[in-house]
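Here's the letter readout for the chains.
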Amino acid sequence: MTQSVVVQVGQCGNQIGCCFWDLALREHAAVNQKGIYDEAISSFFRNVDTRVVGDGGSISKGKICSLKARAVLIDMEEGVVNEILQGPLRDVFDMNQLITDISGSGNNWAVGHKVFGSLYQDQLLEKLRKSAEHCDCLQCFFIIHSMGGGTGSGLGTFLLKMLEDEFPEVYRFVTSIYPSCEDDVITSPYNSILAMKELNEHADCVLPIDNQSLFDIISKIDLMVNSGKLGTTVKPKSLVTSSSGALKKCHKKPFDAMNNIVANLLLNLTSSARFEGSLNMDLNEISMNLVPFPQLHYLVSSLTPLYTLADVNIPPRRLDQMFSDAFSKDHQLLQADPKHSLYLACALMVRGNVQISDLRRNIERLKPSLQFVSWNQEGWKTSLCSIPPVGHSHSLLALANNTCVKPTFMELKERFMRLYKKKAHLHHYLQVEGMEESCFTEAVSSLSALIQEYNQLDATKNVPVQDLPRLSIAVSLTLPCQCSGVISAHCNLHCLGSSDSSASASQLLFSLVTLLDIPIPHVLEQAVHFVACTRHFFFQVFQ
């Protein structure tokens, strides 16, 4: 079983991380009621004997003694990290996993990246190496950060480059929270564009999440609960409630509930790697199957049901409706409409009592309404995990590599240019040692190049898909077959100068072409296996 390390950076990253660890503990407690330290728990937690001083107290099997999160907590202000250490999760972390400062980054990417990055580089490397040493098979670093602040965007992306240098074989999945248009950080467009250049160059997969989309989702839950419909009541101790027990009002942004949605996204993303299922999907398969080009690694996520962890007593969605919801605009965690854009690839990660036939049936039902690139018409990756989320019979996480992310990037660039044309607030960045104006021009050029790549893909959206050419064969040959006696086919190709073994192998190959009507590219792919014994034959055929 593989392990992953969560690196939570800045105020936003640590608040989401706090939610994630809380939900992960609840989920494993519901599944593992005997308190045995198993492979599923080991994915994100170490089992430690607290009576042993130092790092020698790790226990690989048996009863759970004390669980420690595989995490590194980083913030240049102490507030949020101190709250975590004084809260109910205080025993899940220890001081060896923390890096904090007092002054903060002042909403300045340059301070986080250039100043604190250089100042804490050695400490960061030491904490990361120590976390990696505690893993038997480290597969992935999950980085959680925001794009609009100084520490999350600056130090978060500095850390990303460090991970690439020190752990090049370990995947880097980044959950990035993008600021809304109404963000109260004036310099957030600068911070976001500067951070995006680093994400383009050093991340394996990025899950962009929009603050406004999260707020809209929570507002809909609020509206549904207050509508008084049957069953729409908030459960006791719900994560969408305030400390007073009443649902937070719309004019107050319910950050806890918004963070809870992101935490559930990460739980569903890793469920197949943690629990058994009839169709597992490892994290490396996500990158391999959904990222056809290095820089186009931004995956739009949607989660259904959105009423996470049984917070709201709403009747469960029908299975087919759940699949439809995952492709609807209202369920995206980014303000985007993937159904009206171009898919490069799509992954469906299903949890609960769902059959493979249900999965295939819904894919076939939805395919006509979704447009995939011409060279990847069957660009689906699927997984089935038998363990559902707590409080649900089933759930679905959809990850789409889709050109619908482009409007978010274009809007961000427009907000950046409005400030940059006036050189507003630029001096705060340029006074930081190592920061030059060329950093801004290079960053916006990097984003422009990314947008252009999506434009080129969108230009192919209405191009009709052509069928692959097929090989027609028309000469007679007879091959022995253990199953049915003989296979008769017709072919006009002559195996001149070939040995008996090469002739029989090549005849078998071309017979299969005739009988099964296989596309030529597939034949050529399979032909590689016959090269050793058929080199004379292929020379004669393709000369």
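Residues numbered from 1 in each chain as written. Predicted model: local features only at pLDDT ≥ 70, side-chain atom pairs only at ≥ 80, totals over all residues. Heavy atoms only, no water.

An unreviewed UniProt entry lists the protein under the name Tubulin epsilon chain, with Callithrix jacchus given as the organism. UniProt annotates the protein under Sequence similarities (unreviewed entry) with the comment "Belongs to the tubulin family." (UniProt positions renumbered as here; feature names shortened; annotations may be inferred.)

(A) Quick look at the pattern of salt bridges. Using the criterion set out here, one finds 17 salt bridges in the structure. Arg274 is paired through a salt bridge with Glu27; the nearest N and O atoms lie 2.8 Å apart. Within this pair, whereas Arg274 is found in helix 9 (residues 255-274), its partner Glu27 is found in helix 1 (residues 10-31), the two being separated by 247 residues in sequence. We note that Arg274, like Glu27, is buried. Where Asp204 meets Arg172, a salt bridge forms, and the shortest distance between an N and an O atom there is 3.7 Å. (Salt bridge = Lys/Arg side-chain N within 4 Å of Asp/Glu carboxyl O. Helix = DSSP H or I, 4+ residues; strand = E, 2+ residues; numbered from the N terminus. Buried < 20%, exposed > 50% of the residue type's maximum accessible area, 1.4 Å probe, protein only.)

(B) Broad picture of the packing of aromatic side chains. All told, the structure shown has 24 aromatic pairs when counted by the stated rule. Note on Phe142 and Phe173: the rings are 5.9 Å apart at their centroids and 55 degrees apart in plane angle, and the pair reads as tilted. Of this pair, Phe142 sits in strand 6 (residues 138-146) while Phe173 sits in strand 7 (residues 171-178), and the two are 31 residues apart along the sequence. On the accessibility criterion, Phe142 (3% relative accessible area) is buried. Here the aromatic rings of Phe416 and Tyr420 are separated by 5.4 Å at their centres, their planes lie at 20 degrees, and the arrangement is stacked. One end of the pair, Phe416, and the other, Tyr420, are both in helix 13 (residues 406-421), 4 residues apart, so they sit about a helical turn from each other. As far as burial versus exposure is concerned, Phe416 and Tyr420 are alike and both buried. Three or more aromatic residues joined by ring pairs form one cluster here, namely Phe20, Trp21, Phe44, Phe45, Phe93, Phe142 and Phe173. In this arrangement the basic side chain of Lys423 is found over the ring face of Tyr420, its NZ or CZ atom lying 4.2 Å from the centre. (Phe/Tyr/Trp six-rings, centres within 6.5 Å; stacked < 30°, edge-to-face > 60°. Lys NZ or Arg CZ within 6 Å of the ring centre and 35° of its normal.)

(C) Highlighting the layout of surface pockets. By volume, the largest pocket amounts to about 780 Å³. For the lining of the largest pocket, the elements supplying multiple residues, two or more each, are helix 1, helix 6 (151-166), strand 7, helix 8 (211-226) and helix 9. Among the elements that make up the lining of the largest pocket, the one with the highest residue count is helix 1 (5 residues). Looking at the lining of the largest pocket residue by residue, the class counts come to 11 nonpolar, 17 polar and 6 charged. (1 Å grid on protein atoms, 1.4 Å probe; cavity = no way out; pocket = protein on both sides within 12 Å on 5 of 7 lines; lining within 4 Å. Points joined across faces, edges and corners; volume = space filled by probe spheres on them. Nonpolar A, V, L, I, M, F, W, Y, C, P; charged D, E, K, R; others polar.)

(D) Representation of the environment of Ala30 in the model. Here Ala30 is to be found in helix 1. Put simply, Ala30 and Pro389 are 359 residues apart on the chain and 9.4 Å apart in space, counted from C-alpha to C-alpha.

(E) Region of the structure containing the nonpolar core. Formed by 67 residues in total, the largest nonpolar core has its most connected members in Val7, Ile74, Phe141 and Phe409. It is helix 15 (residues 437-458) that provides the largest number of residues to this core, a total of 9 residues. Setting aside residues up to four positions removed in sequence, Phe141 forms contacts with Val5, Val7, Leu128, Leu163, Phe167, Val170, Tyr171, Arg172 and Phe173. Residues Ile16, Cys19, Cys140 and Leu397 belong to the second largest nonpolar core, which totals 59 residues. (Core = buried A, V, L, I, M, F, W, Y, C linked by side-chain atoms within 4.5 Å. Contact = heavy atoms within 4.5 Å.)

(F) How the structure looks around the confidence of the model for the protein. Considering every residue of the protein, the mean pLDDT works out to 82; 77% of them sit at 70 or more. Across residues 232-252, confidence stays below pLDDT 50; counting only partners more than four residues off in sequence or on other chains, it has 40 contacts. (pLDDT = per-residue confidence, 0-100.)

(G) Local environment of the side chain of His394. With respect to the element layout, His394 can be found in strand 13 (residues 394-402). For His394, a relative accessible area of 15% gives the class buried. Looking at His394, its side chain comes within polar contact range of the side chain of Ser393, at 3.1 Å. (Polar contact = N/O pair within 3.5 Å; in protein donor to acceptor, adjacent residues only side chain to side chain.)

(H) Structural view of helix 15. With 22 residues, helix 15 should reach 32 Å at 1.5 Å per residue; the first-to-last C-alpha distance of 32 Å fits that figure. Considered for burial, the residues of helix 15 that qualify are Cys439, Phe440, Ala443, Val444, Ser446, Leu447, Leu450, Ile451, Tyr454, Leu457 and Asp458. The arc that holds the buried residues of helix 15, viewed along the axis, is 150 degrees, so those residues lie on one side. Residues of helix 15 that are buried in the fold lie against helix 7 (188-202), strand 10 (342-352), strand 13, helix 13 and helix 14 (426-430). (Expected span 1.5 Å × (residues − 1). Arc of directions from axis to C-beta.)

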